[in-house]
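What follows is the residue order along each chain.
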Amino acid sequence: MSRHKKKKVQKRVKQYEPHVPKHASQVQSGFKFEFLNSAQRDAWAAFDQHDVLFLLGPAGCGKTQLSCAFAISEILAKNKQKIVMTRPVVEAGESLGFLPGTFMEKLNPYMMPMYDCMERCIGKDSPEREIINKSIEIAPIAYCRGRTFNDAICIFDEAQNATTSQIKLFMTRFGQNSKMIITGDPEQSDIRNGNLMLLEVANKMADLGRVGVIKFKPCSIVRHPLIADLLNKFSEIEKRS
């Protein structure tokens, strides 16, 4: 392999270590995130360039993982004070009925994918995890009216399961020194026309300054090499039905 080609391959996988002020402890500087392909690296660069960023694409591209990793890096670098997380409270094709417990305990099953991403980044019991846990705020869409999120990374995950009015409500909550990340898979919605609503909002907002839209392709899937083929087969089945 030529020297030029070797350099090209090496650039595709890159580790990001957040900028940390000199006075910060080793706890803040210990977080690293590895990009698994150039699409993830480009998405990370877009976080810094936009105040609102849509991450759209098929399952397994790392949309939620990237969002959580960026939020963690901003907290540990002391650029932001909190991580605001929300997901539509929508079940995937079946109803589990009444969930026992406190309000937060009822929400936990819906937030588990985001907690899993946090765990993959910084573990369960690390000093970094303790810092991040203190910074997390769960903000159900139903209770966001009238709120303002300052000094925050606001993540709206699985937005293909939200209505246009819900996306509008959350998008108009972020305040000073905040960024908003909206993730979604337009091909997998659990509500009627949810995929169309998300795409319409993203495409309309792309014309605005400081709003970005990143669209991942099936070739960017990193969860498992078989997933892209599975999605193709399901697409064929859905077209016939």
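Structure first, text after, so check above.
Residues numbered from 1 in each chain as written. Predicted model: local features only at pLDDT ≥ 70, side-chain atom pairs only at ≥ 80, totals over all residues. Heavy atoms only, no water.

A. Broad picture of the overall build of the chain. Along the backbone of the chain there are nine helices and eight strands. Within the chain, buried positions represent 45% of all 241 residues. Total accessible area on the chain is roughly 13,800 Å²; 52% of this is exposed by carbon and sulfur atoms. (Helix = DSSP H or I, 4+ residues; strand = E, 2+ residues; numbered from the N terminus. Buried < 20%, exposed > 50% of the residue type's maximum accessible area, 1.4 Å probe, protein only. Areas by Shrake-Rupley, 256 points an atom, 1.4 Å probe, with all protein chains shown as cover.)

B. Spotlight on the packing of helix H4 (residues 63-76) against helix H6 (residues 127-135). At a minimum axis separation of 10 Å, H4 and H6 run at an interaxial angle of 100°. In terms of axis orientation, H4 runs roughly perpendicular to H6. Together, Ile-72, Ile-75 and Leu-76 of H4 and Glu-128, Ile-131, Ile-132 and Ser-135 of H6 make up the contact between the two elements. Class assignment of the residues belonging to the contact of H4 with H6 gives a composition of five nonpolar, one polar and one charged. (Axes fitted to C-alpha atoms, helices over the stretch in contact; angles between N-to-C directions. Parallel < 35°, antiparallel > 145°, perpendicular 65-115°, else oblique. Contact = heavy atoms within 4.5 Å. Nonpolar A, V, L, I, M, F, W, Y, C, P; charged D, E, K, R; others polar.)

C. Representation of the sheet that holds strand E7 (residues 179-184). Overall, parallel pairing links the six strands, which are arranged E5-E4-E6-E7-E3-E8 in an open sheet. A strand with exactly one partner marks an edge of an open sheet, and here the two such strands are strand E5 (136-138) and strand E8 (211-215). Put simply, the sheet's adjacent strands are angled 15° from each other on average, direction ignored. The sheet contacts of H6 involve strand E4 (82-86) and E5, and relative to E5 the element is tilted by about 40°. (Pairing = 2+ DSSP bridges.)

D. Representation of the packing of aromatic side chains. For the coordinates displayed, the defined rule picks out eight aromatic pairs. Between Phe-156 and Phe-170 the ring centres are 5.2 Å apart and the planes differ by 80°, which places this aromatic pair in the edge-to-face class. Remark: Phe-170 occurs in helix H7 (residues 164-171) and Phe-156 occurs in strand E6 (residues 152-156); sequence separation between them is 14 residues. Across this residue pair, the class does not change: Phe-156 and Phe-170 are buried. Members of the aromatic cluster, each reached through a chain of ring pairs, are Phe-33, Phe-35, Trp-44, Phe-47 and Phe-70. (Phe/Tyr/Trp six-rings, centres within 6.5 Å; stacked < 30°, edge-to-face > 60°.)

E. The arrangement of the environment of Pro-186 in detail. Relative to the elements of secondary structure, Pro-186 occurs in the loop between E7 and helix H8 (194-205). Separated by twelve residues in sequence, Pro-186 and Leu-198 place their C-alpha atoms 7.0 Å apart.

F. Layout of the pairing of strand E3 (residues 52-56). Among the five residues of E3, five are classified as buried, and the element is accordingly described as predominantly covered. Alternating positions in E3 separate into two faces, Val-52, Phe-54 and Leu-56 on one and Leu-53 and Leu-55 on the other, with burial throughout. Pairing of E3 with E7, which is carried by five bridges, proceeds in the parallel orientation. From the neighbouring strand, Phe-54 faces E7, where its bridge partner is Ile-182. Bridge count for E3 against E8 is five bridges, and the pairing is parallel. Following the sheet pairing, Phe-54 is matched in E8 by Val-213.

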